[in-house]
Amino acid sequence: MAYWLIKSEPDAWSWEQQVARGAKGEPWSGVRNFQARANMNAMKKGERAFFYHSNIGKEIVGIVEIIREAYQDPSDETGKWTCVDVKAVEPFKTPAPLADIKLDPKLKDMVLAKNSRLSVQPVSVEEWKYLCKLGGVKP
DNA sequence: GCCAACGTTGGC
DNA sequence: GCCAACGTTGGC
């Protein structure tokens, strides 16, 4: 069981929109980065990911679940890129801001803090549990 | 809105 | 296969 973190600019696709999709979920399409694609391809159905708002908010706002494993991105004409489907599971009672993550000794080594440009990242089990506690949700 | 950091592209 | 140039991302 692996854990992940996916980023979106709320202008383009927000947590609120994700929640509004309900159990149907939404394709996480438009990723055009090799590292991010490799991470998506490694995702298994039922695994979970943090939902992070970049640019506006800059905080982890909730948890999503992978409901469909990697398949060809419908928004890609070349056929090279893949996407997964995710559905909202639970919002953070207290969003976890990037500024706090960078200051926290337990979290400062997160990919999010070190390579903020990678849009799909792995999260360690320790980081996952700790952030769930900060967010006020069950791991 | 600016700029640093990173990833990708293309010429050699 | 290297590396300079370019484009994009995202924090500030």
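Refer to the structure above for everything that follows.
For clarity, every value in this text was computed on a predicted model and none was experimentally measured.

Trainee: Explain the overall build of chain A here, please?
Mentor: If you tally the helices and strands in chain A, you get five helices and six strands. Taking 14 Å as the expected radius of gyration for a compact globule of 139 residues, we find that chain A reaches 14 Å, a close match to that expectation. Overall size of chain A, expressed as C-alpha extent along the three principal axes, is 40 × 30 × 30 Å. Per-residue burial for chain A yields a buried fraction of 45% across its 139 residues. Counting only contacts in chain A whose residues sit at least 6 apart along the sequence, the fraction spanning at least 24 positions is 66%. A total accessible area of about 7,400 Å² is found for chain A, and carbon and sulfur atoms account for 50% of it. Counting 21 positive and 18 negative side-chain charges, chain A places the centres of these two groups 3 Å from one another.

Trainee: How should I be thinking about the protein's contact with DNA strand C in this particular structure?
Mentor: Lining the immediate environment of DNA strand C, one finds K7, E9, Y52, N55, K58, L98, K102, S116 and R117. For DNA strand C, the fraction of atoms within 4 Å of the protein that belong to sugar or phosphate moieties is 71%. Contact distances for DNA strand C include 3.1 Å between a phosphate oxygen and a backbone N or O atom of N55. Within the contact set of DNA strand C, a base oxygen lies 2.8 Å away from a side-chain nitrogen or oxygen of R117.

Trainee: Just checking my understanding: could you explain the protein's contact with DNA strand B for this structure?
Mentor: As a matter of local geometry, DNA strand B sits amid N33, F34, Q35 and R117. Each atom of DNA strand B within 4 Å of the protein was classed as base or backbone; sugar and phosphate made up 57%. Backbone polar atom of F34 to a phosphate oxygen of DNA strand B: 3.5 Å apart, as the coordinates give it. Separating a base oxygen of DNA strand B from a side-chain N or O atom of R117 is a distance of 2.4 Å. Each residue belonging to the surface near DNA strand B can be placed in one class, and the counts come to one nonpolar, two polar and one charged.

Trainee: Just checking my understanding: could you explain the side chain of E127 for this structure?
Mentor: One can find E127 in helix α5 (residues 125-135). The side chain of E127 sits in the buried core without any salt bridge; K114 is the nearest counter-charge, 8.6 Å away. A distance of 3.0 Å separates the side chain of E127 from the backbone nitrogen of S124, its partner in a polar contact. Not counting the four nearest positions on each side in its chain, E127 is found in contact with K106, L107, D109 and M110.

Trainee: In this structure, what is going on with the sheet that holds strand β5 (residues 82-97)? I would like to understand it.
Mentor: The strands making up a sheet associate through hydrogen bonds between their backbones, and the pairing can be parallel or antiparallel. In space, the six strands of this open sheet follow the order β2-β5-β4-β3-β1-β6, with mixed pairing throughout. Both outer strands of the open sheet, β2 (26-27) and β6 (120-123), are each paired with one neighbouring strand and no more. As defined by bridge partners, strand β1 (residues 3-8) adjoins β6 across four bridges and the pair is classed as antiparallel. The partner of I6 across the bridge, within β6, is V120. α5 contacts β1, β3 (48-53), β4 (59-72), β5 and β6 of the sheet and is inclined by roughly 50° relative to β5.

Trainee: I'm lost on the pattern of salt bridges in this one. Help?
Mentor: A side chain with one charge can pair with a side chain of the opposite charge if their charged atoms come near. Enumeration according to the criterion identifies four salt bridges in this entry. Salt-bridge contacts for D109 lead to K114; the nearest nitrogen and oxygen are separated by 3.8 Å.

Trainee: Hey, could you run me through the packing of aromatic side chains in this one?
Mentor: Any aromatic ring pair is given by two values, namely how distant the centres are and how the planes are angled relative to each other. Going through the model one piece at a time under the given rule, you end up with six aromatic pairs. Here the aromatic rings of F34 and W81 are separated by 5.2 Å at their centres, their planes lie at 40°, and the arrangement is tilted. Placement of the pair is F34 in helix α2 (residues 34-41) and W81 in the loop between β4 and β5, with a sequence separation of 47 residues. Plain terms: the ring middles of F50 and W128 are 3.9 Å apart, the flat faces sit at 20° to each other, and that makes the pair stacked. Of this pair, F50 sits in strand β3 while W128 is found in helix α5, placing the two residues 78 residues apart along the sequence. Across from the ring centre of W81, 4.8 Å away, lies the NZ or CZ of R37, which sits over that ring.

Scoring rules and cut-offs
Residues numbered from 1 in each chain as written. Chains lettered and ligands numbered in written order. Predicted model: local features only at pLDDT ≥ 70, side-chain atom pairs only at ≥ 80, totals over all residues. Heavy atoms only, no water. Helix = DSSP H or I, 4+ residues; strand = E, 2+ residues; numbered from the N terminus. Rg over C-alpha atoms; globule rule 2.2 N^0.38 Å. Buried < 20%, exposed > 50% of the residue type's maximum accessible area, 1.4 Å probe, protein only. Contact = heavy atoms within 4.5 Å. Areas by Shrake-Rupley, 256 points an atom, 1.4 Å probe, with all protein chains shown as cover. Lys, Arg positive; Asp, Glu negative; His and termini not counted. Charge placed at Lys NZ, Arg CZ, Asp CG, Glu CD. Near = heavy atom within 4 Å. Polar contact = N/O pair within 3.5 Å; in protein donor to acceptor, adjacent residues only side chain to side chain. Nonpolar A, V, L, I, M, F, W, Y, C, P; charged D, E, K, R; others polar. Salt bridge = Lys/Arg side-chain N within 4 Å of Asp/Glu carboxyl O. Pairing = 2+ DSSP bridges. Axes fitted to C-alpha atoms, helices over the stretch in contact; angles between N-to-C directions. Phe/Tyr/Trp six-rings, centres within 6.5 Å; stacked < 30°, edge-to-face > 60°. Lys NZ or Arg CZ within 6 Å of the ring centre and 35° of its normal.

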